[in-house]
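# Reading the structure
Residues per chain are reported as follows:
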Amino acid sequence: MSEYRIEFIDDKLPDGSPCVVAAHPDLPGCMSHGSTREEASANLREARELYLGALKRRGISVPEPSRGLERAG
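Attention in this report is confined to the structure presented alongside it. (Residues numbered from 1 in each chain as written. Predicted model: local features only at pLDDT ≥ 70, side-chain atom pairs only at ≥ 80, totals over all residues. Heavy atoms only, no water.)

### Here we look at the sheet that holds strand β3 (residues 31-34)
If you trace the 3 strands from one edge of the open sheet to the other, you get β1-β2-β3, paired in antiparallel fashion. The sheet is open, and its two borders are formed by β1 (7-12) and β3, each paired with just one other strand. Pairs of neighbouring strands in the sheet enclose a mean axial angle of 25°, with direction left out of account. Note: strand β2 (residues 18-23) against β3, 4 bridges, orientation antiparallel. Across the sheet, residue V21 finds its bridge partner in β3, namely H33. Helix α1 (residues 37-57) contacts β1, β2 and β3 of the sheet and is inclined by roughly 145° relative to β3. (Pairing = 2+ DSSP bridges. Helix = DSSP H or I, 4+ residues; strand = E, 2+ residues; numbered from the N terminus. Axes fitted to C-alpha atoms, helices over the stretch in contact; angles between N-to-C directions. Contact = heavy atoms within 4.5 Å.)

### Comments concerning the environment of R48
Along the polypeptide, R48 turns up in helix α1. Note on R48: relative accessible area 6%, which makes it buried. (Buried < 20%, exposed > 50% of the residue type's maximum accessible area, 1.4 Å probe, protein only.)

Function cannot be read off these values alone, since they describe shape.
Rendered as structure tokens:
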């Protein structure tokens, strides 16, 4: 399976503690967060599996990755 590019954004939770948001720009709305980039990336992998599974179940075509590589960026 081709890999999707990941974008990371440093953010804060409502209580003010830091978090990292990870998102796939090629998959609108597919994002997750964690305390670190590693945790956010791991959570995003799970979110991506659910996202792609939902598209397939609904008969919606799965977008191709625009860059072909998953990278921490």
